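Chain by chain, the residues:
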Amino acid sequence: MLTSFPGAQLAIGPPITDGFYYDFDIGRPFTPDDIELLEGKMHKILAEDQPFDREVIDRDQGLEMFADQRFKTEIITDGEASQGVGDGVITVYRNHDFVDLCRGPHVRSTGFLSAFKLLRSAGAYWRGDEHNPQLQRIYGTAWNSQKDLDAYLERLEEADRRDHRKLGVALDLFSFPSELGSGLAIWHPKGALVRKIIEDYSRNTHLAHNYDIVSTPHVAKANLWETSGHLDFYAEGMYPAMELDHGQEYYVKPMNCPFHILVYQSSARSYRRLPMRLYELGTVYRYERSGVLHGLLRIRGFTQDDSHIFCTEAQLAEELQALLDFTLMVLRDFGFTDFEADLSTKPEKAIGDPELWDRATDALRASLEVADLPYEVAEGEGAFYGPKIDVHVRDAIGRRWQLSTIQVDFAQPENFSLEFNSPQNTRERPVMIHRALMGSIERFAGILIEHYAGAFPGWLAPVQAAILPVADRHNDYAAGVADELASLGLRVEVDDHDDTLGEKVRRAITAKTPAVLVVGDDDVEHGTVGLRLRDDEGEERGVPVPDAGRRLVELCAPPR
RNA sequence: GCUGGCGUAGCUCAGUGGUAGAGCAGCUGCCUUGUAAGCAGCAGGUCGUGGGUUCGAUCCCCACCGCCAGCUCCA
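Residues numbered from 1 in each chain as written. Chains lettered and ligands numbered in written order. Predicted model: local features only at pLDDT ≥ 70, side-chain atom pairs only at ≥ 80, totals over all residues. Heavy atoms only, no water.

Caption draft 1: Examining the sheet that holds strand β26 (residues 515-519) more closely. Spatial strand order, β25-β24-β26-β27-β28: 5 strands in an open sheet with mixed pairing. Two strands bound the open sheet, and with one partner strand each, they are β25 (492-494) and β28 (540-544). On average, adjacent strands in this sheet sit at an angle of 30° to one another, irrespective of strand direction. For strand β24 (residues 465-469) and β25, the ladder comprises 3 bridges, and the chain directions are parallel. If you follow A465 over to β25, its bridge partner there is V492. (Pairing = 2+ DSSP bridges. Helix = DSSP H or I, 4+ residues; strand = E, 2+ residues; numbered from the N terminus. Axes fitted to C-alpha atoms, helices over the stretch in contact; angles between N-to-C directions.)

Caption draft 2: The environment of D495, seen in detail. Tracing the sequence through the fold places D495 in the loop between β25 and α15 (501-510). Sequence separation of D495 and G538 is 43 residues, and the distance between their C-alpha atoms is 20 Å. Side-chain polar atoms of D495 contact the side chain of R507, separated by 3.1 Å. (Polar contact = N/O pair within 3.5 Å; in protein donor to acceptor, adjacent residues only side chain to side chain.)

Caption draft 3: Representation of unusual backbone geometry in the model. A cis amide bond links L274 with the next residue in sequence, P275, at an omega value of 0°. A positive phi angle, close to 60°, is found at N425, a residue other than glycine. Inspection of the secondary structure puts N425 in the loop between β21 (420-421) and β22 (427-428). The phi angle at K512 is positive, at roughly 60°, despite the residue not being glycine. Note on placement: K512 falls in the loop between α15 and β26.

Caption draft 4: Region of the structure containing the nonpolar core. Of all hydrophobic cores here, the largest spans 64 residues; its most connected members are I198, F334, F336, F444, L448, F456 and L460. It is helix α10 (residues 316-333) that provides the largest number of residues to this core, a total of 9 residues. Residues in contact with F444, not counting those within four places in the same chain, are I198, L331, F334, F336, L403 and M438. Among the nonpolar cores identified, the runner-up in size contains 20 residues, and W225, Y251, Y264 and L418 belong to it. (Core = buried A, V, L, I, M, F, W, Y, C linked by side-chain atoms within 4.5 Å. Buried < 20%, exposed > 50% of the residue type's maximum accessible area, 1.4 Å probe, protein only. Contact = heavy atoms within 4.5 Å.)

Caption draft 5: Fine view of helix α11 (residues 354-370). Its 17 residues place the ends of α11 24 Å apart at the C-alpha level, agreeing with the 24 Å of an ideal helix rising 1.5 Å per residue. Contacts from the buried residues of α11 go to α10, β17 (339-344), β18 (375-378), β19 (388-394) and β20 (400-409). (Expected span 1.5 Å × (residues − 1).)

Take a look at the structure:
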């Protein structure tokens, strides 16, 4: 770096998962040519097996040694242990003329570094603070062998092939027309069908688990958001106010909770009717900063499978236990099997009775223990209004996604002065649980697309069976087969394009349709189909239509 | 929001200071097809939007919109 870019200012360069980065300031961004040049030099240095030597120096020596490096000087002045600056002692590693702060340990020589690749450069803030100047960060990946490196690069390509934004176009599921604005999606017929299947599943399972479905509007007066505290704590995440008659301000909802609270408040509540579980597929809008938007995974308009549970303090533990079981059931139904959770505890600045915090946190922890869910405690990471559990899943290629969140909320019942009548006919304050299992339907769909690489299991596939007439004289028979299968509840499509069979087969396969049925002369004569299943090799000829129907119904059976 | 890159047909992309091209998709015709692309023809673009420079801008400059990578953010 210093030989190629004399005067370059070096910041920090730590190892990270799968590799490393280093932040520099060379007064301009790096170009792809710069990266290539640096990578070439690095390969040369590795081949020369240059030694790294550890030295321990004192603070004054350090300041002198790094006098022309302002970031290093700052690190020494601030005494950052992670960078090798200890109490009056500094460890540095020397490699020929180059010397850098480093806590160590360090490989003995450059020959120990066998396989790496520089991946990209991008801006990054000094010390990660957006108020500080931006540096240029170079990312690289490093492995024990070329084989490991190749495998890693292959994983990156696999992730790229699964990218839901690309599959969304290829499978004609959704799009983001620029006319709409950033972070707003439209769902095409096939995508909307997948959504409907997910949403129907969600509604049905909630009804089956003693939730009450409610329905609420998209906007509400400013006053409601003042009461809920959103205008104090969340205003920058909200779309700006709309002013109506007499200067009355309305806001589009970023969350559903205040509406569900109003449902709770619509009548006097008794302990006999708690817990009360209000559920809604609630569409909300949040003003996410433009740079964070990412396909369906980070979007400005989305629909939550949202519920607010109102219960007594005494009911909290049992309710949380049942809720976590319900959550895992839902996630398993969508094909996820590996779960990890975070338990976020009381932050320094928090509201509510500390004893209540303890009990709620213990209840959350107990539910994790009973469910045998591996979890980590995120000390002090809870919201100011209550502790929470976040559930993460691993997808088919091992990536971790946060899906479900279960939050205990001591604040909103207070804000809205919620009450219920106790057995002693006193007025008590309920506890609220705020929870979303899929999180957002859009994001969940996006994650499913990546998890399944677009090849949805039968029950989620928008088209479960494609029926391909060999020649156009078989179109009528194909339509008859389609009717028969549709009457069994299957989603089928006849491909009557004027194309060769090979072309139609290719179209059905690239659309990742679970079952491809071919019908020709033999089939018309015998009442059969040729059957080719996505997950099986080869094809089967002469399958009687009722048999094919039975098998497809089984293949496409929903989890419940 | 910040830094950098990008925006050409429905999709994927080429290209040029003198108003543009390919493949796929689409349409039409031929073919009547038995398991991953049959053949031919046609049509399709205000080159993201608005300003500026220029005799002339899709190309150069500025702003905005949108996309991508990373940073920051996600109560």
